[in-house]
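Listed below are the residues making up each chain.
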Amino acid sequence: MNKKALICIAMLLVASMLLTACGSKVEEPAENTPGATQGTPAAEPEPPQEMYKVTVGVAPYSMFMLWHVAKEWGVDEEFGLDLNLKDFAQTSPASQALARGDVDLVTTCIAEHLSIIKGAPNIKAYSSLGFFKGFFFVGRAEDMVPWDDLVAEKGLKTAKAERLGEFAGKSFCIIPQRKPLIIDAIKQVGLTEDDVTFVNFADDQKAATAFMTGEGDFYIGSLPQQQKLVDMDEYINVGGVDILGPAGVWYDTMVSTDDFMVGNRESALRALALLYRMVELFDEDPDAFSETAAAELSVLTASEFTPEAYKTFQTVNDDFLSIEECEATMYNPDDPLYWKNPVEFYIDLSVESGDLGEAVSADEYYGESEALFNELLSRDDLMDLIHQ
């Protein structure tokens, strides 16, 4: 065979190979390739879920460390959220930031929320978080008998009347939001605001520090500061929930605005679901949760809080409320702990104390919170994430 014929044969063989390759079937994927079907390529990976950015203002109290744990553990991402946390020395400046639109949510409580409505009517209730039982009055050991000793000696009823009577003519280092607590307590023995003196400070830490330097006769404020004082020999617990009036029953809450809760509904629902997921994680492993939370709380309060102390805060002095507990109590109109009951009590108290010029509608400031909660209950996807 001559050279020219060989070249022609070679060219025909190459063309035949190319045609065969172009007409062949796609190689079948391995049997275990997720999403693959015979004769078709494997499906492209799902694009990343849209992330909803939510900015939360956090005050340095034990229950609100929940948000820091969520961010530290990356749980926010499981809910399609990108949490941005801003820390504040207390709830008041956090609420001011919310009113300006600098944050989407801030930590607070019913009494403190109502006290700022007059200046910031756009701030509305967002959610419950827990049930706070940790307020107590701190006195000086050289001046007072410890509360437990007084009760042991005289019985609860007599001890309560005697202790509240001892508050007459005394001064209290506080932030303004604590004033209703004291007025409501002393009212039980016939005393009024005119019978005591309030020494007001910008935040709880400043009030506690002033008390340590000799200012005032008593301090009542944030649980970390109260605990820090009574851990010192010179300060004692002179009475807490046993002597406080109805104002001593506090829900830990979050507040927001309609711009966020209504205008960014999906973000609002996801953040609420995240909150209740974190409550479940605390219940599942309080030790791990407390380790992270205690470290964050120590930084924010410039104090040393052990994981064990944090766990005590959240099991003895405070109580995280699960979504089931909220459904059965705070958002249940037939339950004594239904949100409207304490809110209306505090509205009356705030009008009486001058924090509110006139009564406001409880539904106007808290109704959307209940609507948001009920909508969350209907979202199977978010409920599954809460209970995963």
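Conventions and cut-offs
Residues numbered from 1 in each chain as written. Predicted model: local features only at pLDDT ≥ 70, side-chain atom pairs only at ≥ 80, totals over all residues. Heavy atoms only, no water. Helix = DSSP H or I, 4+ residues; strand = E, 2+ residues; numbered from the N terminus. Buried < 20%, exposed > 50% of the residue type's maximum accessible area, 1.4 Å probe, protein only. Pairing = 2+ DSSP bridges. Axes fitted to C-alpha atoms, helices over the stretch in contact; angles between N-to-C directions. Contact = heavy atoms within 4.5 Å. Patch = residues over 30% accessible without salt bridge, like charges linked within 9 Å, V, L, I, M, F, W, Y side chains within 5 Å. Areas by Shrake-Rupley, 256 points an atom, 1.4 Å probe, with all protein chains shown as cover. Salt bridge = Lys/Arg side-chain N within 4 Å of Asp/Glu carboxyl O. Lys, Arg positive; Asp, Glu negative; His and termini not counted. Charge placed at Lys NZ, Arg CZ, Asp CG, Glu CD. Phe/Tyr/Trp six-rings, centres within 6.5 Å; stacked < 30°, edge-to-face > 60°. Lys NZ or Arg CZ within 6 Å of the ring centre and 35° of its normal. pLDDT = per-residue confidence, 0-100. Polar contact = N/O pair within 3.5 Å; in protein donor to acceptor, adjacent residues only side chain to side chain. Parallel < 35°, antiparallel > 145°, perpendicular 65-115°, else oblique. Left-handed = near helix turned anticlockwise from the far one by under 90°. Nonpolar A, V, L, I, M, F, W, Y, C, P; charged D, E, K, R; others polar.

Colleague: Tell me about the environment of Gln177, and name the residues and values.
Modeller: When you line up the elements, Gln177 lands in the loop between strand E6 (171–174) and helix H8 (179–186). A relative accessible area of 10% means that Gln177 is categorised as buried. Taking the C-alpha atoms as reference points, Gln177 and Leu114, separated by 63 residues in sequence, lie 9.6 Å from one another.

Colleague: Explain the sheet that holds strand E2 (residues 81–87) residue by residue, including any values.
Modeller: Strands sit in the order E2-E1-E3-E10-E4-E11 across an open sheet of six strands; the sheet is mixed. Across the chains shown, the open sheet's two edge strands, defined by having one partner strand only, are E2 and strand E11 (318–320). Neighbour-to-neighbour, the strand axes of the sheet open up by a mean angle of 35°, direction not taken into account. Where strand E4 (residues 123–132) meets strand E10 (residues 250–257), eight bridges bridge the pair, whose relative direction is antiparallel. Residue pairing across strands places Phe132 opposite Trp250, the latter belonging to E10. Along the sheet, helix H12 (residues 265–284) contacts strand E1 (52–58), E2, strand E3 (105–109), E4, E10 and E11; its crossing angle with E4, the most-contacted strand, is approximately 5°.

Colleague: For a negative patch on the surface, give the residues involved together with the corresponding values.
Modeller: Taken together, the side chains of Asp283, Asp319, Glu324, Glu325 and Glu327 make up a negatively charged region of the molecular surface. Per-element accounting of the negative patch gives the leading share, three residues, to helix H15 (residues 323–328). Along the chain, Glu324 falls in helix H15. Using a relative accessible area of 38% as the deciding quantity, one classes Glu324 as partly exposed.

Colleague: Let's hear about the packing of aromatic side chains: which residues, and what values?
Modeller: In total, this model carries 20 aromatic pairs according to the counting rule given. Geometrically, the ring pair formed by Phe132 and Phe135 is edge-to-face, given 4.8 Å between the ring centres and 85° between the ring planes. Accessibility assignment for this pair places Phe132 and Phe135 in one class, buried. Pairing Trp339 with Tyr366 gives two aromatic rings, centres 5.6 Å apart and planes at 20°, and the pair type is stacked. Here Trp339 is found in the loop between H15 and helix H16 (340–353), whereas its partner Tyr366 is found in helix H17 (residues 362–377), with 27 residues between them in sequence. You'll find Trp339 and Tyr366 in the same group, each marked buried. By the ring-pair criterion, three or more aromatic residues cluster together here, those being Trp73, Phe282, Phe289, Tyr310 and Phe320. The side chain of Lys124 reaches across the aromatic face of Tyr365, ending 5.7 Å from its centre.

Colleague: An account of the confidence of the model for the chain is needed here, citing residue identities and associated values.
Modeller: This prediction gives the chain a mean pLDDT of 85; 86% of its residues lie at or above 70. Across residues 1–48 the pLDDT falls below 50, and counting only partners more than four positions away or on other chains, this stretch makes nine contacts in the model.

Colleague: Account for the pairing of E10, with residues named and values stated.
Modeller: Of all eight residues that make up E10, eight are buried, and the element is covered over most of its length. Alternating positions in E10 separate into two faces, Trp250, Asp252, Met254 and Ser256 on one and Tyr251, Thr253, Val255 and Thr257 on the other, with burial throughout. Two strands pair when backbone bridges link them, and E3 and E10 are joined in this way by four bridges, in the antiparallel orientation. Paired with Val106 across the two strands is Val255, which belongs to E10.

Colleague: Go over the side chain of Arg277 with me, naming the residues and quoting the values.
Modeller: Checked against the element boundaries, Arg277 lands in helix H12. A distance of 3.1 Å separates a polar side-chain atom of Arg277 from the backbone oxygen of Ile386.

Colleague: Account for the packing of H16 against H17, naming residues and giving values.
Modeller: Two elements in contact, H16 and H17, have axes whose closest approach is 11 Å; the angle formed by their N-to-C orientations is 150°. It follows from the interaxial angle that H16 and H17 lie roughly antiparallel. The two elements H16 and H17 meet at a crossing, and its hand is right-handed. Contact residues: H16 offers Lys340, Val343, Glu344 and Ile347, while H17 offers Ala362, Asp363 and Tyr366. Grouping the amino acids of the contact of H16 with H17 by side-chain chemistry returns four nonpolar, no polar and three charged.

Colleague: Talk me through the packing of H12 against H17; I want residue IDs and the actual numbers.
Modeller: Across the interface, H12 lies against H17 with an axial gap of 10 Å and an inter-helix angle of 75°. Relative to H17, the element H12 lies roughly perpendicular. Between H12, through Arg265, Ala268, Leu269, Leu272, Ala273 and Tyr276, and H17, the contact on the second element is made entirely by Glu368, Ala371, Leu372, Phe373, Glu375 and Leu376. In terms of residue class, the contact of H12 with H17 is made up of nine nonpolar, no polar and three charged.

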